[in-house]
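Each chain, letter by letter, is given below.
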Amino acid sequence: DQQVKQNSPSLSVQEGRISILNCDYTNSMFDYFLWYKKYPAEGPTFLISISSIKDKNEDGRFTVFLNKSAKHLSLHIVPSQPGDSAVYFCAASEKGPGNQFYFGTGTSLTVIP
Amino acid sequence: KAGVTQTPRYLIKTRGQQVTLSCSPISGHRSVSWYQQTPGQGLQFLFEYFSETQRNKGNFPGRFSGRQFSNSRSEMNVSTLELGDSALYLCASSLPLAGVSDNEQFFGPGTRLTVL
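Please read these numbers as outputs of a predicted model, since none were measured by experiment.

Draft legend 1. View of the interface of chain B and chain A. Contacts between chain B and chain A engage 29 residues on the former and 24 residues on the latter. Roughly 1900 Å² of surface becomes buried between chain B and chain A when both sides are summed, with 52% attributable to carbon and sulfur atoms. On inspection of chain B and its partner chain A, the count reaches 0 salt bridges. Viewed at the interface, chain A and chain B are joined by 2 residue pairs in polar contact (both at pLDDT 80 or more). If one sorts the elements of the side of chain B that touches chain A by residue count, strand E5 (residues 42-50) of chain B sits on top with 5 residues. Here the side of chain B that touches chain A is composed, by residue class, of 8 nonpolar, 15 polar and 6 charged.

Draft legend 2. Expanded view of the packing of aromatic side chains. Applying the stated criterion across every chain, the model contains 12 aromatic pairs over all chains. Centroid distance Tyr25(A) to Phe33(A): 4.8 Å. Interplanar angle 40°. Geometry classified as tilted. Ring plane angle 70° and centroid distance 5.7 Å describe the contact between Tyr35(B) and Phe45(B), whose orientation is recorded as edge-to-face. You can see Tyr35(B) sitting in strand E4 (residues 31-38) and its partner Phe45(B) sitting in strand E5, a full 10 residues away along the chain.

Draft legend 3. View of the sheet that holds strand E3 (residues 19-25) of chain A. Residues and elements named next belong to chain A. The 5 strands lie next to each other as E1-E3-E8-E7-E6, forming an open sheet whose pairing is antiparallel. Single-partner strands in this sheet number two, and they are strand E1 (4-5) and strand E6 (56-59). As paired elements, E3 and strand E8 (residues 72-77) share 6 bridges and run antiparallel to each other. Along E8, the bridge assignment pairs Ser19 with Ile77.

Draft legend 4. Structural view of a nonpolar patch on the surface. On the surface, Ile18(A), Ile20(A) and Val78(A) cluster together into a nonpolar patch covering about 230 Å² of accessible area. As for its placement among the helices and strands, Val78(A) is situated in the loop between E8 and strand E9 (86-94).

Draft legend 5. Region of interest: the sheet that holds strand E8 (residues 74-78) of chain B. Residue and element names in this part refer to chain B. Read across the open sheet, the 4 strands follow the order E1-E3-E8-E7; overall the sheet is antiparallel. In this open sheet, the two edge strands, each paired with only one partner strand, are strand E1 (5-7) and strand E7 (64-68). Adjacent strand axes in the sheet meet at a mean angle of 20°, parallel and antiparallel pairs treated alike.

Draft legend 6. Region of the structure containing the nonpolar core. Counting 23 residues, the largest nonpolar core has Phe33(A), Trp35(A), Leu73(A), Leu75(A) and Tyr88(A) as the members making the most contacts within it. Elements that contribute at least two residues to this core include exactly E3, strand E4 (30-38), strand E5 (45-51), strand E7 (62-67), E8, E9 and strand E11 (107-112) of chain A. Once you skip the residues sitting within four places of it in the chain, Leu73(A) turns out to touch Leu21(A), Asn22(A), Cys23(A), Tyr25(A), Phe33(A), Trp35(A), Val64(A), Phe65(A) and Leu66(A). Grouped together as the second largest cluster of nonpolar side chains are 21 residues, Phe60(B), Val78(B), Tyr89(B) and Leu113(B) included.

Draft legend 7. Geometry of the pattern of salt bridges. Residues and elements named next belong to chain B. This model, assessed by the stated rule, comprises 7 salt bridges over all chains. A salt bridge links Glu75 to Arg67; the nearest nitrogen and oxygen atoms lie 3.2 Å apart. Classification of Arg67 as partly exposed rests on a relative accessible area of 47%. Via salt bridges that share partners, Arg63, Glu82 and Asp85 belong to a single interconnected network.

Draft legend 8. Geometry of the side chain of Ser33(B). The residue Ser33(B) is located in strand E4 in this model. Side chain to side chain, Ser33(B) and Gln105(B) meet in a polar contact 3.3 Å long.

Draft legend 9. Structural context of the state of the cysteines. Taken as a whole and assessed by the stated rule, the structure comprises 2 disulfides over all chains. Here Cys23(A) engages in a disulfide with Cys90(A); their sulfurs sit 1.9 Å apart. Where Cys23(A) bonds to Cys90(A) through sulfur, the torsion about that S-S bond is close to 65°, and the disulfide is right-handed. Taken together, the residues Cys23(A) in strand E3 and Cys90(A) in strand E9 connect sequence positions 67 residues apart. One exposure class covers both Cys23(A) and Cys90(A), and it is buried. With its sulfur 1.6 Å from that of its partner, Cys23(B) forms a disulfide with Cys91(B). In this pair, Cys23(B) sits in strand E3 (residues 19-24) while Cys91(B) sits in strand E9 (residues 87-94), placing the two residues 68 residues apart along the sequence. As far as the burial class goes, Cys23(B) and Cys91(B) line up, both buried.

Scoring rules and cut-offs
Residues numbered from 1 in each chain as written. Chains lettered and ligands numbered in written order. Predicted model: local features only at pLDDT ≥ 70, side-chain atom pairs only at ≥ 80, totals over all residues. Heavy atoms only, no water. Contact = heavy atoms within 4.5 Å. Buried area = accessible area lost by both parts, 1.4 Å probe. Salt bridge = Lys/Arg side-chain N within 4 Å of Asp/Glu carboxyl O. Polar contact = N/O pair within 3.5 Å; in protein donor to acceptor, adjacent residues only side chain to side chain. Helix = DSSP H or I, 4+ residues; strand = E, 2+ residues; numbered from the N terminus. Nonpolar A, V, L, I, M, F, W, Y, C, P; charged D, E, K, R; others polar. Phe/Tyr/Trp six-rings, centres within 6.5 Å; stacked < 30°, edge-to-face > 60°. Pairing = 2+ DSSP bridges. Patch = residues over 30% accessible without salt bridge, like charges linked within 9 Å, V, L, I, M, F, W, Y side chains within 5 Å. Areas by Shrake-Rupley, 256 points an atom, 1.4 Å probe, with all protein chains shown as cover. Axes fitted to C-alpha atoms, helices over the stretch in contact; angles between N-to-C directions. Core = buried A, V, L, I, M, F, W, Y, C linked by side-chain atoms within 4.5 Å. Buried < 20%, exposed > 50% of the residue type's maximum accessible area, 1.4 Å probe, protein only. Disulfide = S-S within 2.5 Å.

Have a look at this one:
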């Protein structure tokens, strides 16, 4: 059962515009959320995170929004650049010992020059 | 500081064989997690090791096993390989912040396993 879902397998955006990647989760015990970026033939690299006590976290061009009541988070990239073209995964974990992260299936972002 | 390394990078096996994959975490990291990535399924959590003990386990059959050594290096073993085991196997390490969920994981490049 997929506890973290990314319903859009792909997204194309013009360079300079905003990219919005969405993620939904079902487990209300999740309290920490991350976004990873993955290029082909490389492992995922950490992008940005947010804990459940916040509803927004910003880091340069990247902003993550968390809507706990809707169990929804989104990643905004503004402005989008061709180098942002990659697969983006959202992940979530519960409080407690251990590092069990639940990942979505990924969204492939293409930024068109 | 060196990143997470995984060996081998590519592997081809036949059905029924077994395979062992290796992961060396970032120096100082004591938690190592393993994931299976297949098209359409994203990253599926296999298990996590911390201080040589399996701390968490995902929903995979017993053919998938792992271990961690005293230097935090970890191995993953898959026995009686099936065609469906073909995937990218990723290992991730993180700092030893036990009891805290906000541990950033650093991923290795993965091992691409093909089962024929």
